[in-house]
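Commentary on secondary and tertiary structure
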Amino acid sequence: MKFAVLVFPGSNCDIDMYHAIKDELGEEVEYVWHDATDLSKFDAILIPGGFSYGDYLRCGAMASQSNVMKAVKKAAEEGKPVLGVCNGFQILTEAGLLPGVLLRNQNLKFICRTVQLKVENNNTLFTNQYEQGQIINIPIAHGEGNYFCDEETLKKLQEKNQIVFTYSGENPNGSLSDIAGIVNERGNVLGMMPHPERAVDALLGSADGLALFKSIVKQWRESHV
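Computed from a predicted model, the values in this text were never measured in an experiment.

Criteria and cut-off values
- Residues numbered from 1 in each chain as written.
- Predicted model: local features only at pLDDT ≥ 70, side-chain atom pairs only at ≥ 80, totals over all residues.
- Heavy atoms only, no water.
- Salt bridge = Lys/Arg side-chain N within 4 Å of Asp/Glu carboxyl O.
- Helix = DSSP H or I, 4+ residues; strand = E, 2+ residues; numbered from the N terminus.
- Buried < 20%, exposed > 50% of the residue type's maximum accessible area, 1.4 Å probe, protein only.

Oppositely charged side chains can form a pair if their charged atoms are brought close together. For the coordinates displayed, the defined rule picks out eleven salt bridges. The salt bridge involving Arg-58 is made with Glu-94; its shortest N-O contact spans 2.8 Å. Highlighted residues: Arg-58 in the loop between β3 (44–47) and α2 (67–77) and Glu-94 in helix α3 (residues 87–94), separated in sequence by 36 residues. On the basis of relative accessibility, which here comes to 22%, the residue Glu-94 falls in the partly exposed class. Through salt bridges with shared partners, one network takes in Lys-2, Glu-30 and Lys-41.

Here it is as structure tokens:
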């Protein structure tokens, strides 16, 4: 399986994402610069965290207009897995690939620590290696991770089981309904604020994020038998 790790001016988690795929997962991976227009040779697209374009205008706003995002939208339409983490989640909402918006943290401070997440839906291509209701330890590092959407959108997310991860116990940023990660209706685009790529080895404090990437590979292999 071949992964693309997108790189924008200001990305800073691309190396972590690359390491998770190449060294921990053992799959093929390449960096792809933001001006690329063709992602057809890749089986999955990863949009890492950071501060794309310095977070000017709004987090992810400028990156969402990059050339490569047209190719990302095409890949999503084709059913390929698309994962956006932290700033990647913000980019996906700005690009219209996921509903809602990420606001400033409720305490107006940048938060960097490990939090507990609850797996709300393990029946997705990103979570099939987790148990339903499993509590996992994943680090966060963001200043604008407060997920918000209108009541109608929230109801739709709940009814269609699109809320994949929630914060368990403490909600660090004030996110609506403790939301930490959601998928699109089709289930092949996941946006989440916590960083699974930083939790792929016990030496890092947790290996709970590795199952997310293993889930993607398992789903892909089963569909390509």
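Of all eight residues in α3, seven are buried, a share of seventy percent or more. Among the residues of α3, those classed as buried are Asn-87, Gly-88, Phe-89, Gln-90, Ile-91, Leu-92 and Thr-93. Gly-96 lies just past α3 and shows a positive phi near 80°.

This brings us to unusual backbone geometry. Here the phi dihedral of Leu-108 falls at roughly 60°; this positive angle occurs in a residue that is not glycine. Summarising the element assignment, Leu-108 is placed in the loop between β5 (101–103) and β6 (111–119). Its identity is not glycine, yet Asp-178 carries a phi of approximately 60°, on the positive side. Relative to the helices and strands, Asp-178 is located in the loop between β9 (163–167) and β10 (179–183).

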